[in-house]
Amino acid sequence: MTKIHLLMKKEDIQEDKIAEGNKIAVVLDILLATTTIVSALKDGAKEVIPVLHSNDALEQAKLFKQGEYVLAGELDAKPIDGFVYPSPTLIRDSINGKTLILSTTNGTVALRKSSSADKVYIASLLNNPAVAGVIQKVIEEHTILIICSGNSGETSLEDFYGAGHLIDCLVKNNEYELTDAAKAAWYFYLGQEDAYKILLDSYVGSLLDKYDQQADLKIAASKGITSIIPILQNGKVVVETIYSV
C-alpha cells in the first residue's frame, strides 16, 4: 500500500533522504507561493522559476530580455525593492506568455530543497483535486511526501489545512497508509468547513487582511478551480498536464 508522509515545515526536509528510494513530493505554500504559482500558470504564464533568495532571482532575470519576465518576491512577508509582491491579483494582468521569477521566504525554498525527489508537484487548494487525481495513479513502490512550507520554522495553519484537503482528495478514491501527521491534517480538515475563515485566522492571513489583500485570500481559499498540474523540472515549474477524469 502506498504510504503518505507529511512534513510540517520546510526545515524538516532532509534532502539526502528525499533522494533515497522512490519518492513523489507535493509542496504546499497556501499563502502564498504555491497559490501564486498555480494562479500564474492558470493565467497564462510560460513557466515559473522558484529561487532561494532575491539575489538568485536577479541573476535569473539577466538571462531574459525586458518584457519576457515578471520578477516577484517577498522576504518575511515584506516587499522587496524592485520586485512585484508575489500575489495572484497583482501578477494576473501582466503574466500571460511570460516567465515568473519568484523568490519567497518559504514556498520557493521548500521547492528547491525538494528537487531531488522523483517528481515534485506544486499544489494548492486551487488544484489539489487535480493533483490528487494524478498522483493516485502512483505505483505502490513510491512514497508520497506532502510538504508544508510552514512559516519561518513554524507550523503554518493554512498549509496544514491545505495538506488535509489534499489527503481528503486522495483517500476518496484509493487506500493509503497514512502517518500520524498525515492523519492529523486530514482529521483537522474534516472538521473545518470554511476555508476562507481558516486562512483568515492564520498568522499570514491576518497580515494579508491587515494590508487589504482579501482578494488574494479569497483566491487562495478557492477549492478545485483549476485542473492544471504544475511540476518542477530542471529548476523550472511548468504545466505537466491538465487533469481530466
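Conventions and cut-offs
- Residues numbered from 1 in each chain as written.
- Predicted model: local features only at pLDDT ≥ 70, side-chain atom pairs only at ≥ 80, totals over all residues.
- Heavy atoms only, no water.
- Helix = DSSP H or I, 4+ residues; strand = E, 2+ residues; numbered from the N terminus.
- Expected span 1.5 Å × (residues − 1).
- Buried < 20%, exposed > 50% of the residue type's maximum accessible area, 1.4 Å probe, protein only.
- Salt bridge = Lys/Arg side-chain N within 4 Å of Asp/Glu carboxyl O.
- Pairing = 2+ DSSP bridges.
- Contact = heavy atoms within 4.5 Å.
- Axes fitted to C-alpha atoms, helices over the stretch in contact; angles between N-to-C directions.
- Parallel < 35°, antiparallel > 145°, perpendicular 65-115°, else oblique.
- Left-handed = near helix turned anticlockwise from the far one by under 90°.
- Nonpolar A, V, L, I, M, F, W, Y, C, P; charged D, E, K, R; others polar.
- Phe/Tyr/Trp six-rings, centres within 6.5 Å; stacked < 30°, edge-to-face > 60°.
- 1 Å grid on protein atoms, 1.4 Å probe; cavity = no way out; pocket = protein on both sides within 12 Å on 5 of 7 lines; lining within 4 Å.
- Points joined across faces, edges and corners; volume = space filled by probe spheres on them.

S.K.: Where do I start with helix H7 (residues 157-171) in this structure?
M.R.: Spacing of three or four residues puts side chains on the same side of an α-helix, whose turn is 3.6 residues. Between its first and last C-alpha atoms H7 spans 21 Å; for 15 residues at 1.5 Å apiece the expected length is 21 Å, and the two agree. Extensive coverage of H7 is indicated by the burial of 13 of its 15 residues.

S.K.: Explain helix H2 (residues 33-42) to me, please; I cannot follow it from the model alone.
M.R.: Burial analysis of H2 places nine of its ten residues in the buried class, which makes it a mostly covered element. Every buried residue of H2 is listed here: Ala33, Thr34, Thr35, Thr36, Ile37, Val38, Ser39, Ala40 and Leu41. Downstream of H2 by a residue or two, glycine 44 has a phi angle that is positive, lying close to 105°.

S.K.: Can you walk me through the pattern of salt bridges in this structure?
M.R.: If charged atoms from side chains of opposite charge come close, those side chains can pair. For the structure on display, the rule yields nine salt bridges. Of the charged contacts, one joins lysine 172 and aspartate 168 as a salt bridge, the two residues approaching to 3.5 Å between their closest N and O atoms. For aspartate 168, a relative accessible area of 9% translates into the label buried.

S.K.: Sorry, what's going on with the pairing of strand S2 (residues 23-28) here?
M.R.: Each regular strand shows side chains that alternate between the opposite faces of the sheet. Within S2, five of the six residues are buried, which leaves it mostly tucked inside the rest of the structure. Across six bridges, the pairing between S2 and strand S8 (residues 143-148) is parallel. Looking at S8, one finds that alanine 25 is bridged to leucine 145. The sheet contact formed by S2 and strand S7 (residues 119-123) spans five bridges and is parallel. Paired with valine 27 across the strands is isoleucine 122, a residue of S7.

S.K.: Even after reading the chapter, I still don't get the environment of glycine 224, so can you show me in this structure?
M.R.: Relative to the elements of secondary structure, glycine 224 occurs in the loop between helix H11 (214-220) and strand S10 (228-233). Given the relative accessible area of 41%, glycine 224 is considered partly exposed. As for glycine 224 and asparagine 128, which are separated by 96 residues in sequence, their C-alpha atoms are 6.4 Å apart. If we skip the residues at most four places from it in the chain, glycine 224 touches Leu125, Leu126 and Pro129.

S.K.: Where do I start with the packing of helix H6 (residues 128-135) against H7 in this structure?
M.R.: Two measures define how a pair of helices packs: the angle their axes make with one another and the distance between the axes. Look at H6 against H7: their axes get within 8 Å of each other, and the N-to-C directions meet at 50°. The orientation of H6 with respect to H7, classified from their angle, is oblique. For H6 against H7, the interelement crossing comes out right-handed. Touching Asn128, Pro129, Val131, Ala132 and Ile135 of H6 are Gly162, His165, Leu166, Cys169 and Leu170, all from H7. Tallied by class, the residues present in the contact of H6 with H7 amount to seven nonpolar, three polar and no charged.

S.K.: Please clarify how the packing of aromatic side chains should be interpreted in this entry.
M.R.: Note on aromatic pairs: each is described by the distance of the centres and the angle between the planes. What the rule picks out here adds up to five aromatic pairs. Aromatic side chains phenylalanine 64 and tyrosine 69 sit 6.2 Å apart centroid to centroid with 50° between the ring planes, which places their arrangement in the tilted category. Between phenylalanine 160 and phenylalanine 188 the ring centres are 5.5 Å apart and the planes differ by 35°, which places this aromatic pair in the tilted class. Separated by 28 residues along the polypeptide, phenylalanine 160 in helix H7 and phenylalanine 188 in helix H8 (residues 180-190) bring together distant segments of the chain. For phenylalanine 188, a relative accessible area of 22% puts it in the partly exposed group. These aromatic residues form a ring-pair network of at least three members: Phe160, Tyr161, Phe188 and Tyr189.

S.K.: Help me understand the layout of surface pockets, please; the structure alone is not making it clear to me.
M.R.: One number sums up the size of the largest pocket: a volume of about 490 Å³. Lining the largest pocket are 26 residues, with Asp76, Ala77, Lys78, Tyr85 and Leu207 sitting closest to its centre. At the level of secondary structure, the elements contributing two or more residues to the lining of the largest pocket comprise strand S5 (78-79), H7 and helix H10 (203-210). Among the elements that line the lining of the largest pocket, the one with the most residues is H10, at four residues. For the lining of the largest pocket, the per-class residue count stands at twelve nonpolar, eight polar and six charged. Roughly 150 Å³ of internal volume is contained in the second largest pocket. Surrounding the second largest pocket, His5, Leu7, Asp12, Gln14, Lys17, Ile18, Lys23, Thr143 and Leu145 form its lining. When grouped by side-chain class, the residues that make up the lining of the second largest pocket number three nonpolar, three polar and three charged.

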